[in-house]
Amino acid sequence: GTCGFACNGGTHACGSVCARDDLPETCGTRCEPCPVPANARATCEGGACGWECLGGFVRAGDRCRALPRPLWPPSGSTVANRRPAMRWSIPDDADPMAADTVVEFCADRGCAAPTMTLPAGMGRGAPAMDLPRGVVWWRVRAGGLSSASWPMVVGGPENAASPRPTAAFGAVPDFNGDGFGDTVFGAPFASPPIVLQYPGARGGVGLLPPEAINAPDPSLRFGAALAAGDFNGDGRVDLAVGAPTSTGSASRGAVYVFFAGPAGIGTGPDVTLDDPVGGVSAFAEVVIAAGDLDADGYGDLAVGSSRARNQGAVYVYRGTATGPSSTPSWTLSGPAMNLALFGGALAAGDLDADGDSDLVVGASGVSDFTGRAYVYSGSPTGLPAVATLTLQRAEGGQFGAAVAVPGDLDGDGYADLAVGAPAVDDGTGIVLAYRGGAMGVSVTTDVLRRGEAPRGDFGGALVSAGDMNNDGRYDLLVGAGRLNDFTGRAYLIRGDGTDTLGLGATAIAGPMVTAAYFGGVLGAGRDIDGDGFDDVLISAERNRSFAGGAFIYYGSVAGVGRSTEIPSAIMGGRFGYALAARACVRPFWM
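Residues numbered from 1 in each chain as written. Predicted model: local features only at pLDDT ≥ 70, side-chain atom pairs only at ≥ 80, totals over all residues. Heavy atoms only, no water.

Asker: What is the right way to look at the overall build of the chain in this model?
Answerer: What the chain contains, in helices and strands, is four helices and 46 strands. Rg of the C-alpha trace for the chain: 24 Å, near the compact-globule value of 25 Å for 590 residues, within the 12% margin. Looking at the chain as a whole, 58% of its 590 residues are labelled buried. For the chain, long-range pairs separated by at least 24 residues make up 55% of all intrachain contacts whose partners lie at least 6 apart in sequence. (Helix = DSSP H or I, 4+ residues; strand = E, 2+ residues; numbered from the N terminus. Rg over C-alpha atoms; globule rule 2.2 N^0.38 Å. Buried < 20%, exposed > 50% of the residue type's maximum accessible area, 1.4 Å probe, protein only. Contact = heavy atoms within 4.5 Å.)

Structure follows, in structure tokens:
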């Protein structure tokens, strides 16, 4: 006559409830969590408790021992210094003075034959000799352990005896770690939406077939934004794909993060970040790898939401050993005015060479589309709630519709900032430069170039072109997608390494097809074919009746060299709507 209960198979009684047998919290017949040492996570297999070390740690008997870790420059970034300032950590139990406590520089990821070493006991330092230009891998060894190998793209002039600041910016999309830059194209209006990746190879793109990444939710505009960065600190550059909500879709916008491995990008997302607000927020229209904003050795991810609460917001997700944090670590809010479009353009780089990245946010709709740009300085505690610096210009013209950190244009060792104002002078457009320095970005403006004709949208798209002629100076790529009835054009502004900032512009005409929108979307410089010259991507996403397409322009001694067209067979898909990495949303009138 006594009441009781019996648990179903695979569960057991814990007090008045039935607990699962296969969870670490109630493994087997336990009613308490499995015990674990520090820096480990519990496991439960076959009803038996176990544990595994967290990322960055390795099992050593009954404990998890910290691995050595690279910290700065960010994995996959470009450094405009042949002897970059670097930081790393070694385990507490490692002897800092031991002969095997070293930083190794290598020509490949495996690092079987280091080309140079550096004592690692101090946790920071710089190479004693110039590193070669191009991709260099580095790792830290201490206490019989080795870190993962991190890539960096080394550039800049040969160093004089005096040390130079280290400008670090960008992330080169090399997903399989073979040293060749890869190319990624979004077709968010295809049915269903799709992202295509073309691996780089000796000789260029087209020698290897593309790899398709399918949309987890076909109702979203998957592939509307693309960003490459190492978000889990494993030394491999990952891919973030923006998927804004479509008209009439019940789904919230999202960002899908695909981790890279030895074979490249996986087929399914490893992390999904949903719109924190929902509604018509334009969440994930802009996604960038934000470098390392808090100097913890993990790449951070910034997501623009230019219509959030009708004024705009930027959500920043800290990188961790398991990828971007599940919720925003910092939320930046736009000015309290309608259609400010805060977050409609984003860029990142270490503008003051202090060893952490800084974030730039464009808000082209501020003050009736006069526009502003905001600089948020990174620090070990992250981003400030209020912008460190606000930039604006009296002539307005949707100032901040595009922003970019192209690298060191003037040769002083600091990364510089470029800002587009494409609506100046009835859409003729202008691109302005603000110099980086030890105290941050200068408020003094340098005019890099004005557009050719009204309604051209010059400066509506900006990206770093890397170093297209391999002269040790960094270049800027500018788009004018509306020029000549949306035929479009792009321009390469070469950095000259002197106080004048630029050597003028080389015009790139493209297919010369009306309404192709050539130059409306740009892809940052990376060495796709391994010849030592950086190459750029230029989209024509309205070409062939909105089927789209894109062009690769290879670098050369002269700057812009040969080109290859990547055509689209997806009718109406607008192939090339996004390129890794595009860092600005469409101008408001688009």
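Asker: What is the right way to look at the nonpolar core in this model?
Answerer: A general feature of soluble globular proteins is that nonpolar side chains tend to end up buried together. With 24 residues, the main nonpolar core has Leu351, Val375, Leu391, Phe399, Leu417, Tyr434 and Val441 as its most contacted residues. Of all elements in the fold, only strand E30 (342–349), strand E32 (372–376), strand E33 (389–391), strand E34 (402–407), strand E35 (416–421) and strand E36 (430–434) reach the threshold of two or more residues within this core. Trp330, Phe342, Leu359 and Val361 belong to the second largest nonpolar core, which has 21 residues in total. (Core = buried A, V, L, I, M, F, W, Y, C linked by side-chain atoms within 4.5 Å.)

Asker: Honestly, the sheet that holds strand E41 (residues 505–508) in this entry has me stumped. Any pointers?
Answerer: The four strands lie next to each other as E38-E39-E40-E41, forming an open sheet whose pairing is antiparallel. In this open sheet, the two strands that pair with only one neighbour each are strand E38 (461–466) and E41. Each neighbouring strand pair of the sheet contributes to a mean axis angle of 25 degrees, computed without reference to strand direction. (Pairing = 2+ DSSP bridges. Axes fitted to C-alpha atoms, helices over the stretch in contact; angles between N-to-C directions.)

Asker: What is the right way to look at the environment of Ala578 in this model?
Answerer: On the secondary structure map, Ala578 appears in strand E46 (residues 578–579). Residue class for Ala578 comes out buried when judged on its relative accessible area of 0%. For the pair Ala578 and Tyr491, spaced 87 residues apart in the sequence, the C-alpha separation amounts to 19 Å. Aside from chain neighbours lying at most four places away, what touches Ala578 is Val184, Phe185, Gly186, Gly223, Ala224, Ala225, Leu226 and Val521.

Asker: Is there a simple way to explain unusual backbone geometry in this structure?
Answerer: Most peptide bonds take the trans configuration, and most residues that are not glycine carry a negative phi. Between Trp72 and the following residue, Pro73, the backbone shows a cis peptide bond with an omega angle of 5 degrees. Structurally, Pro73 can be placed in the loop between strand E7 (69–72) and strand E8 (78–79). The residue Asn39 is not glycine, and still its phi comes out positive at about 65 degrees. Here Asn39 is to be found in the loop between strand E2 (17–20) and strand E3 (40–45). On the accessibility criterion, Asn39 (34% relative accessible area) is partly exposed. Phi at Arg309 takes a positive value of approximately 50 degrees, unusual for a residue other than glycine. Within the fold, Arg309 resides in the loop between strand E27 (301–305) and strand E28 (313–317). Residue class for Arg309 comes out exposed when judged on its relative accessible area of 62%.

Asker: How should the sheet that holds strand E44 (residues 549–556) be read in this particular structure?
Answerer: Whenever strands of a sheet pair, they do so through backbone hydrogen bonds, lying parallel or antiparallel. On the basis of which strands lie adjacent, the open sheet formed by four strands has the order E42-E43-E44-E45 and antiparallel pairing. With one partner strand each, in any of the chains shown, strand E42 (522–526) and strand E45 (559–567) form the two edges of the open sheet. Averaged over all pairs of adjacent strands, the angle between their axes in this sheet comes to 20 degrees, without regard to strand direction. Judged from the seven bridges that link them, E44 and E45 form a sheet pairing that is antiparallel. The residue bridging Gly555 from the neighbouring strand is Val560, located in E45.

Asker: Which parts of the structure should I look at to understand empty space enclosed by the protein?
Answerer: Leftover empty space is mapped by rolling, across the atoms, a probe with the size of a water molecule. Counted under the stated rule, the structure contains three cavities of 30 Å³ or more. Reported here for the second largest cavity is a volume of approximately 120 Å³. Lining of the second largest cavity is provided by 18 residues; of these, Pro74, Ser75, Asp230, Gly291 and Gly299 occupy positions nearest its centre. Looking at the lining of the second largest cavity, its residues break down into eight nonpolar, seven polar and three charged. (1 Å grid on protein atoms, 1.4 Å probe; cavity = no way out; pocket = protein on both sides within 12 Å on 5 of 7 lines; lining within 4 Å. Points joined across faces, edges and corners; volume = space filled by probe spheres on them. Nonpolar A, V, L, I, M, F, W, Y, C, P; charged D, E, K, R; others polar.)

Asker: Explain the state of the cysteines here, please?
Answerer: Here, the word disulfide means a covalent bond between the sulfur atoms of two cysteines. This model, assessed by the stated rule, comprises six disulfides. Covalent S-S linkage joins Cys14 and Cys31, the inter-sulfur distance amounting to 2.1 Å. Here the S-S torsion is close to -95 degrees, and the disulfide linking Cys14 with Cys31 is therefore left-handed. In this pair, Cys14 sits in strand E1 (residues 11–14) while Cys31 sits in the loop between E2 and E3, placing the two residues 17 residues apart along the sequence. Paired by a disulfide, Cys106 and Cys111 hold their sulfur atoms 1.5 Å apart. (Disulfide = S-S within 2.5 Å.)

Asker: Explain the pattern of salt bridges to me, please; I cannot follow it from the model alone.
Answerer: One side chain can pair with another of opposite charge once the charged atoms of both are near each other. Applying the stated rule across the entire model yields 22 salt bridges. Measuring nitrogen to oxygen at the nearest pair gives 3.0 Å for the salt bridge that ties Arg65 to Asp93. A residue pair is termed long-range when its members are at least 10 positions apart, and Arg65 in strand E6 (residues 63–66) and Asp93 in the loop between strand E9 (86–89) and strand E10 (102–106) qualify at 28 residues. Assessed through its relative accessible area of 42%, Asp93 is described here as partly exposed. The residue Arg435 makes a salt bridge to Asp446 at a minimum N-O spacing of 3.1 Å. (Salt bridge = Lys/Arg side-chain N within 4 Å of Asp/Glu carboxyl O.)

Asker: Looking at this structure, I do not really get the packing of aromatic side chains. What am I missing?
Answerer: Each aromatic ring pair is described using two quantities: the centre-to-centre distance and the angle formed by the ring planes. One pass over the full model with this rule turns up 15 aromatic pairs. Between the aromatic rings of Phe185 and Tyr198, the centroid separation amounts to 5.5 Å while the plane-to-plane angle is 80 degrees, which identifies the pairing as edge-to-face. Taken together, the residues Phe185 in strand E17 (residues 183–187) and Tyr198 in strand E18 (residues 194–198) connect sequence positions 13 residues apart. Each member of the pair Phe185 and Tyr198 is classed as buried. Summarising the aromatic geometry, the rings of Phe458 and Tyr491 are spaced 5.2 Å apart at their centres and angled 75 degrees between planes, so their arrangement reads as edge-to-face. Residue Phe458 is found in the loop between strand E37 (445–450) and E38, and its partner Tyr491 is found in strand E40 (residues 489–494); the two are separated by 33 residues along the sequence. Here Phe458 falls in the buried class, since its relative accessible area comes to 1%. Among the aromatic residues, ring-to-ring pairing joins Phe185, Tyr198 and Phe575 into one connected group. Looking at Arg59, its charged tip hangs above the ring of Trp51, at a distance of 3.5 Å from the centre. Just above the ring of Tyr517 sits the side chain of Arg542; from NZ or CZ to the centre is 4.9 Å. (Phe/Tyr/Trp six-rings, centres within 6.5 Å; stacked < 30°, edge-to-face > 60°. Lys NZ or Arg CZ within 6 Å of the ring centre and 35° of its normal.)

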